[in-house]
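Residues per chain are reported as follows:
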Amino acid sequence: MANRFLRPHLIHRFSTLSPVGPPSTVVPEILSFDQQKLDVDLDLSDQARLFASVPISDLVRSTAVLHATAIGPMVDLGSWVMSSKLMETSFTRDLVLRFVKGTFYDHFCAGEDAAAAARRVRSVYESRGLKGMLVYGVEHAEDGDECDNNIKKFIETVEAAKTLPTSHLSSVVVKITAICPMSLLKRVSDLLRWQYKNPSLKLPWKLHSFPVFSGSSPLYHTTSEPEPLTLEEEQELEKAHQRIKSICRRCQESNVPLLIDAEDTILQPAIDYMAYWSAIMFNSDKDRPIVYNTIQAYLKDAGDRLHLALRESEKMNVPIGFKLVRGAYMSSEAKLADSLGFKSPVHDTIQETHACYNECMSFLMEKASNGSGIAVILATHNTDSGKLGARKASELGISKENGKIEFAQLYGMSDALSLGLKRAGFNVSKYMPYGPVETAVPYLIRRAYENRGMMSTGALDRQLMRMELKRRIMAR
């Protein structure tokens, strides 16, 4: 059926995105320098040097895809086709999926299974020096059976990661929304919010974790006391706990970092809770945390929650990794808040989001540079933040041996920034999802809408790629 590929409510969600950075996405051996200190000048203007390692066939495809996703009506048309009755007919379905696979899928995704994705990671590292972050590209699960199937795929991801040299791989990524039913995550988030409002509330299923709220956190999602979890819900939550433990344990045994992606604020409290109890349980190596949580800097409470979690980790002497992103659901967050009569939890202006990101970045880099057991993934498509992070690393004298900081971007996006940071001496990773084409469609639609929204970064890549294509053609 058509909704197997993209449900109508997801189409609306993606089409109302106003991205201010990469979603979630990226890790760890991490900032590399040839010297103890570098006077970093991030040059993104010399397209011949930036794209020297990129074959002309890849340049042609990338240029075409990025230009296509910059055209709003074309993105809207593609979204409509994927949710229309055209996908119910085998002929048109196969035709559309073949087109998607040869264009958008191959540009933004790493392969149809874990083995193919591992080969793509190896290829990208050997040709461009960029590490890979492997993630099975499923977004959400509605029931326990789907969660059980998804955790098997995430475990396969770890097994594929083990076949790669450590120099090639940054991490694997998991979405809690894919291994715990969405409805249960919302119920857990409601109960955590109510407990924050009423500390006397007892939650017998709750494991020890770090704080997931601050005084500035949005609590309007939960307006009345939720019913306790039913016996069936508690049993399903325990299964979710076991799924998370299984992948954390496998990552710990394989020494492969695990990144936990972020979501909307209606679900994020439960995700933070699960990420932090996982860190407490599995982050035993101070020099290389296994579990990383994601901080979304476009949220007004991001800085406060980051400080609270870090303070608790230091008090408990628990190493912790953080992936810092801007966030991807500004419009949907604003719409939900407005419908409930509250202000959006997202910063009022893009400048405030940039400022929050840069302040959190500087704070985390300072912590990571002093041997405090903190590791940082700076996931950004913003060139100004990339340049600021590079200068900050130079000021702090962060060396290759430090192994606590890394830059990252999504595969198929912000290649000029990725390659520029790499040329400046940094370790850089690409977030590389994999899975069957039909499974990856929601991810691809989101990438298309985000690329359309990120005018400065998208325009830079398109311009530089056009210039490099012209240069190579003229040189023949």
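Here the structure is shown first, and the text comes after it.
The following refers to the structure shown.

The rules we used
Residues numbered from 1 in each chain as written. Predicted model: local features only at pLDDT ≥ 70, side-chain atom pairs only at ≥ 80, totals over all residues. Heavy atoms only, no water. Patch = residues over 30% accessible without salt bridge, like charges linked within 9 Å, V, L, I, M, F, W, Y side chains within 5 Å. Areas by Shrake-Rupley, 256 points an atom, 1.4 Å probe, with all protein chains shown as cover. Salt bridge = Lys/Arg side-chain N within 4 Å of Asp/Glu carboxyl O. Helix = DSSP H or I, 4+ residues; strand = E, 2+ residues; numbered from the N terminus. Buried < 20%, exposed > 50% of the residue type's maximum accessible area, 1.4 Å probe, protein only. Core = buried A, V, L, I, M, F, W, Y, C linked by side-chain atoms within 4.5 Å. Contact = heavy atoms within 4.5 Å. Pairing = 2+ DSSP bridges. Axes fitted to C-alpha atoms, helices over the stretch in contact; angles between N-to-C directions. 1 Å grid on protein atoms, 1.4 Å probe; cavity = no way out; pocket = protein on both sides within 12 Å on 5 of 7 lines; lining within 4 Å. Points joined across faces, edges and corners; volume = space filled by probe spheres on them. Nonpolar A, V, L, I, M, F, W, Y, C, P; charged D, E, K, R; others polar.

**Section: a nonpolar patch on the surface**
Residues Leu 77, Trp 80 and Leu 86 make up a contiguous nonpolar surface patch of about 320 Å² in total accessible area. Mapped onto the secondary structure, Trp 80 falls in helix H4 (residues 72-82).

**Here we look at the pattern of salt bridges**
Counted according to the given criterion, the structure contains 22 salt bridges. Put simply, Glu 233 and Arg 187 hold a salt bridge, and the shortest N to O gap is 2.9 Å. Pair noted here: Glu 233 is in helix H9 (residues 231-254) and Arg 187 is in helix H8 (residues 182-197), with a separation of 46 residues, a long-range link. Overall, Arg 187 belongs to the buried group, its relative accessible area being 18%.

**A word on the nonpolar core**
Phe 154 and Phe 322 are the most contacted members of the largest nonpolar core, which totals 137 residues. Looking at this core element by element, the count peaks at 9 residues for helix H10 (residues 268-282). Discounting residues that sit within four places of it in the chain, Phe 322 has contacts with Tyr 276, Tyr 292, Asn 293, Ile 295, Leu 306, Ala 309, Leu 310, Leu 364, Ile 374, Ala 375, Val 376 and Ile 377.

**Brief notes about the sheet that holds strand E3 (residues 258-260)**
In space, the 8 strands of this closed barrel follow the order E1-E2-E3-E4-E5-E6-E7-E8, with parallel pairing throughout. On average, each strand axis in the sheet is inclined to that of its neighbour by 30 degrees, with strand direction left out of account. When strand E7 (residues 405-410) meets strand E8 (residues 428-434), the two strands line up parallel, connected through 4 bridges. By the bridge assignment for E8, Ala 408 is matched with Ser 429. Strands in contact with H9 are strand E2 (169-174), E3 and strand E4 (291-296); relative to E3, the strand with the most contacts, it is inclined by about 145 degrees.

**Looking at empty space enclosed by the protein**
Taken as a whole, the largest cavity encloses approximately 110 Å³ of empty space. Lining of the largest cavity is provided by Arg 193, Val 212, Phe 213, Ser 217, Pro 218, Thr 265, Gln 268, Pro 269, Asp 272, Leu 299, Asp 301 and Arg 305. Broken down by element, the residue count for the lining of the largest cavity peaks at 3 residues, all from H10. Tallied by class, the residues present in the lining of the largest cavity amount to 5 nonpolar, 3 polar and 4 charged. The space that makes up the second largest cavity amounts to roughly 40 Å³. What lines the second largest cavity is simply Val 135, Tyr 136, Gly 137, Val 138, Glu 139, Lys 175, Tyr 431, Pro 433 and Tyr 443. Grouping the constituent residues of the lining of the second largest cavity by class yields 6 nonpolar, 1 polar and 2 charged.

Distances and angles like these do not, on their own, reveal function.
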